[in-house]
Amino acid sequence: MVSKLMQVMALVLVLIFGFFIGISKAQLSVGFYTETCPDAESIVGATVRDAALSNPNILAVLLRLHFHDCYVQGCDGSILIDNDPDAEKHAFGHQGVGGYEVIEIAKEKLESQCPGVVSCADIVALAARDAVALANGPAYQVPTGRRDGRVSNISLAADMPDVSDSIQQLKSKFLDRGLSEKDLVLLSAAHTIGTTACFFMTDRLYNFFPGGGSDPSISPEFLPELKAKCPQDGDVNVRLPMDQGSGETFDKKILENIRGGFAVLQSDASLMEDEATKSVIDSYFGPLNSQFGPSFEEDFVNSMVKMGQIGVETGSDGEIRRVCGAFN
Ligand code: HEM
Ligand SMILES: *[C@@H]1O[C@H](CO)[C@@H](O)[C@H](O)[C@H]1NC(C)=O
């Protein structure tokens with residue numbers, strides 16, 4: 001009799017406990033704004049499309065912005081904070097990151113239509129999705145419901161991945177964020193669009209570690225071209241596409257280039273130095289890939305959605321900023 005009562009009480013406790021866990025662990029969901037701001041996604045889409053009319057490279061810039069937001073402290077818009085010299089965006093590892101003005105324009109439109117509803121972190125995630133599609137990449141659904149964080153601290157960005165990180169460092173940095181070797185390959189393939197400054201090529205071309213000179217993994221066919229674009233002691237602000245021959249279109253050419261010694265960034269080239277990452281790349285190029293192999297586009301989308309969930313704040317955590325560049 002007593003034990004029966006204990007069993008019932010235990011069951012009730014488990015139920016109550018489970019209920020609270022369910023509440024505190026709010027999840028992102030596709031169409032989060034359907035009721036509260038039905039045009040949210042189309043407003044962001046139109047803003048990105050407009051921006052791309054005058055500046056096609058903004059697509060790559062917006063895709064990169066999402067990664068840099070998510071990598072530091074989760075996808076919480078922390079990189080957008082602009083009114084503090086110690087804010088995260090001033091970190092060395094975020095050099096060259098942009099697209100802030102596009103996010104702010106979308107935010108302004110959203111505030112006039114549904115004030116205080118759509119987070120800046122979600123705008124960044126949606127803009128990256130729209131950027132991929134507008135660059136001829138796959139269209140996909142983005143779970144939303146992120147809240148904006150209340151911390152933006154330059155020192156938290158100290159461990160951003162660097163072009164000269166070893167493949168082991170890259171793997172462990174991604175693993176720290178819950179991203180696998182496969183995610184590392186697919187997300188690096190975002191370099192299928194966009195450009196790099198010669199600044200990031202200097203060591204790879206003229207001062208490669210160890211031994212100096214240039215990175216021996218660069219194809220001898222490609223090396224003279226890279227050196228011509230980024231001459232030693234030349235202007236480090238000159239930019240070149242990271243996906244040789246296909247820098248404006250989203251496609252798996254970037255992986256083909258990496259495989260063949262035509263990677264532009266050293267970090268991309270290093271994906272061939274590790275058995276696990278190399279075999280992920282190879283998996284998209286088997287003779288029967290088009291019929292039976294994995295789909296690069298599908299796998300990319302899965303990795304993007306996964307990246308978009310890193311450290312998100314949901315429910316009543318954080319805030320919905322009024323402007324993206326400042327805390328409320
Ligand atoms: C694996 C670690 C990564 C490293 C070391 C790295 C490094 C870089 C570097 C050095 C640039 C050139 C920046 C400039 O000159 O302005 C760049 C550009 C870019 N990155 Fe990455 N990246 C990494 C991962 C990612 C990921 C995960 C994404 C997105 C999913 C991404 C998206 C981009 C895009 C789209 C650009 C082009 C930006 C533009 O055209 O202005 N990167 N990256
Ligand atoms: C930023 O982070 C560092 C390291 O965690 C900490 O020492 C510092 O107090 C933080 N700064 C602010 C303004 O929160």
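Residue numbering note: each chain is counted from 1, following its sequence as written. By the order in which they are written, chains take letters starting at A while ligands take numbers starting at 1. In view of the model being predicted, local features appear only for residues whose pLDDT reaches at least 70, and side-chain atom pairs are presented and counted only at 80 or more, with totals across whole chains, interfaces and linings using the full set of residues. The basis for every side-chain value is the complete set of non-hydrogen atoms in the structure, without hydrogens or water.

Looking at an unreviewed UniProt entry, the chain carries the name Peroxidase, with the source organism given as Vitis vinifera. UniProt positions are given in the numbering used here, feature names are shortened, and annotations may be inferred rather than shown by experiment. Taken directly from UniProt, the Function (unreviewed entry) text for the chain runs: "Removal of H(2)O(2), oxidation of toxic reductants, biosynthesis and degradation of lignin, suberization, auxin catabolism, response to environmental stresses such as wounding, pathogen attack and oxidative stress." In its Catalytic activity (unreviewed entry) section, UniProt records this for the chain: "2 a phenolic donor + H2O2 = 2 a phenolic radical donor + 2 H2O".

A.B. asks: Report on the coordination of the iron atom of ligand 1, specifying residues and quantitative values.
C.D. replies: The donor set comprises N, O and S atoms within 2.8 Å of the metal, extended to 3.2 Å for Na, K and Ca; water molecules are omitted, so apparent gaps in a site may simply reflect that omission. Within the protein, a single donor atom binds the iron atom of ligand 1, namely His191 (NE2) at 2.1 Å. Only DSSP runs of H or I covering at least 4 residues are called helices, and only runs of E covering at least 2 are called strands; the numbering of each starts at the N terminus. With respect to the helices and strands, His191 occurs in the loop between α7 (181–188) and β3 (195–197).

A.B. asks: For the site of ligand 1, give the residues involved together with the corresponding values.
C.D. replies: Close to ligand 1 lie 25 residues; Asn57, His191, Thr195, Ala197 and Arg239 are nearest. Side-chain atoms alone can form a polar contact between residues adjacent in sequence; in general such a contact is a pair of N or O atoms within 3.5 Å, and within protein one must be able to donate a hydrogen while the other accepts it. A distance of 2.8 Å separates an oxygen atom of ligand 1 from a polar atom in the backbone of Ala197. Secondary-structure elements contributing two or more residues to the shell around ligand 1 are α3 (58–71), α7 and β3. Counting residues per element, the shell around ligand 1 draws most heavily on α3, which supplies four residues. Along the lines of polarity and charge, the residues of the shell around ligand 1 split into 15 nonpolar, seven polar and three charged. A domain assignment, automatic or from a database, supplies the domain bounds used here. Mapped onto the domain boundaries, the shell around ligand 1 takes at least three residues apiece from domain 1 (40–157) and domain 2 (167–307). We call a residue near a molecule or strand whenever a single non-hydrogen atom of that residue lies within 4 Å of it. Residue polarity is assigned by list, with Asp, Glu, Lys and Arg as charged and Ala, Val, Leu, Ile, Met, Phe, Trp, Tyr, Cys and Pro as nonpolar; anything else, Gly included, falls into the polar class.

A.B. asks: Lay out helix α6 (residues 167–176) with the relevant residues and their values.
C.D. replies: Along an α-helix, a turn takes 3.6 residues, which lines up residues three or four apart on a common side. Think of it in three bands: residues with accessible area under 20% of the maximum for their type are buried, residues over 50% are exposed, and the middle band is partly exposed, with areas taken using a 1.4 Å probe on protein chains only. All of the buried residues in α6 are Ile167, Leu170, Lys173 and Phe174. The buried residues of α6 all sit within an arc of 130° when viewed along its axis, so they share a single face. The outward face of α6, more than 90 degrees from its buried face, is lined by the exposed residues Leu175 and Asp176. The elements touched by buried residues of α6 are α3, α7, α11 (266–269) and α12 (275–282). Where α6 terminates, the next one or two residues include Gly178, which has phi positive at roughly 80°. Starting at the helix axis, one direction is taken to each C-beta atom, and the arc is that of these directions. Any two residues having at least one pair of non-hydrogen atoms within 4.5 Å are treated as being in contact.

A.B. asks: Would you mind going over the nonpolar core in detail, with residue names and values included?
C.D. replies: To define a nonpolar core, start from buried Ala, Val, Leu, Ile, Met, Phe, Trp, Tyr and Cys residues and group those joined through side-chain atoms within 4.5 Å. With 73 residues, the main nonpolar core has Leu62, Leu65, Leu80, Ile103 and Leu255 as its most contacted residues. Among the nonpolar cores identified, the runner-up in size contains 15 residues, and Tyr206, Ile218, Leu226 and Phe262 belong to it.

A.B. asks: So what about the domain arrangement of the chain? Which residues, and what values?
C.D. replies: Each domain of the chain was delimited in the assignment, giving domain 1 (40–157) and domain 2 (167–307). Each of domain 1 and domain 2 has a C-alpha centre, and the two are 23 Å apart. Listed by partner, the interface residues are 20 residues for domain 1 and 18 residues for domain 2. Summed over both partners, the accessible area (1.4 Å probe) lost when two parts come together is defined as the buried area. Both sides together, the interface formed by domain 1 and domain 2 hides about 1,600 Å², and carbon and sulfur atoms give 75% of it. Here, a salt bridge means any Lys or Arg side-chain nitrogen found within 4 Å of an Asp or Glu carboxyl oxygen. At the junction of domain 1 and domain 2, the tally comes to zero salt bridges. Taken together, domain 1 and domain 2 are joined by two residue pairs in polar contact (both at pLDDT 80 or more). Taken together, the elements giving at least two residues each to the side of domain 1 that touches domain 2 come down to α3 and α5 (120–134). In terms of residue count, the dominant contributor to the side of domain 1 that touches domain 2 is α3 (seven residues).

A.B. asks: How would you summarise the UniProt feature "domain: Plant heme peroxidase family profile" (unreviewed entry) in the chain if you had to cite specific residues and measurements?
C.D. replies: The sites that carry the UniProt feature "domain: Plant heme peroxidase family profile" (unreviewed entry) are, in the present numbering, residues 27–328. Regarding residues 27–328, the helix share stands at 41% and the strand share at 3%, and the terminal C-alpha atoms are separated by 23 Å.

A.B. asks: Quick one: what's the story with a nonpolar patch on the surface, residue by residue and with numbers?
C.D. replies: Within this analysis, patches are made of residues with over 30% relative accessible area and no salt bridge. Like charges are joined at 9 Å or less; nonpolar side chains (Val, Leu, Ile, Met, Phe, Trp, Tyr) at 5 Å or less. In short, Shrake-Rupley with a 1.4 Å probe defines the accessible areas, and a residue's cover is counted only from the protein chains shown. Taken together, Phe92, Phe199 and Val236 make up a surface patch of nonpolar side chains, about 270 Å² in accessible area. Mapping Val236 onto the fold places it in the loop between α9 (223–229) and β4 (239–241).

A.B. asks: Outline the state of the cysteines, supporting the account with residue identities and numerical values.
C.D. replies: When two cysteine sulfur atoms lie within 2.5 Å, the pair is treated as a disulfide. By the definition in use, this model includes four disulfides. Put simply, Cys37 and Cys114 are joined by a disulfide, and their sulfur atoms are 1.8 Å apart. Of this pair, Cys37 sits in the loop between β1 (29–30) and α2 (40–54) while Cys114 sits in the loop between α4 (100–113) and α5, and the two are 77 residues apart along the sequence. Covalently, Cys120 is tied to Cys324 through a disulfide, its sulfur atoms 2.1 Å apart. Measuring handedness by torsion sign, the sulfur bridge of Cys120 and Cys324 sits at about -90° and is left-handed. In this pair, Cys120 is assigned in helix α5 and Cys324 in the segment after α14 (296–307), connecting sequence segments 204 residues apart. With its bonded cysteines labelled in order along the sequence, the chain shows the pairing 1-4, 2-3, 5-8, 6-7.

A.B. asks: Tell me what's going on with unusual backbone geometry, and back it up with residues and numbers.
C.D. replies: In this structure, Pro210 follows Phe209 across a cis peptide bond, with omega equal to -5°. By the element assignment, Pro210 lies in the loop between α8 (202–206) and α9. The phi angle at Asn136 is positive, at roughly 75°, despite the residue not being glycine. Unusually for a residue other than glycine, Asp233 sits at a positive phi of about 65°. By the secondary structure assignment, Asp233 is in the loop between α9 and β4.

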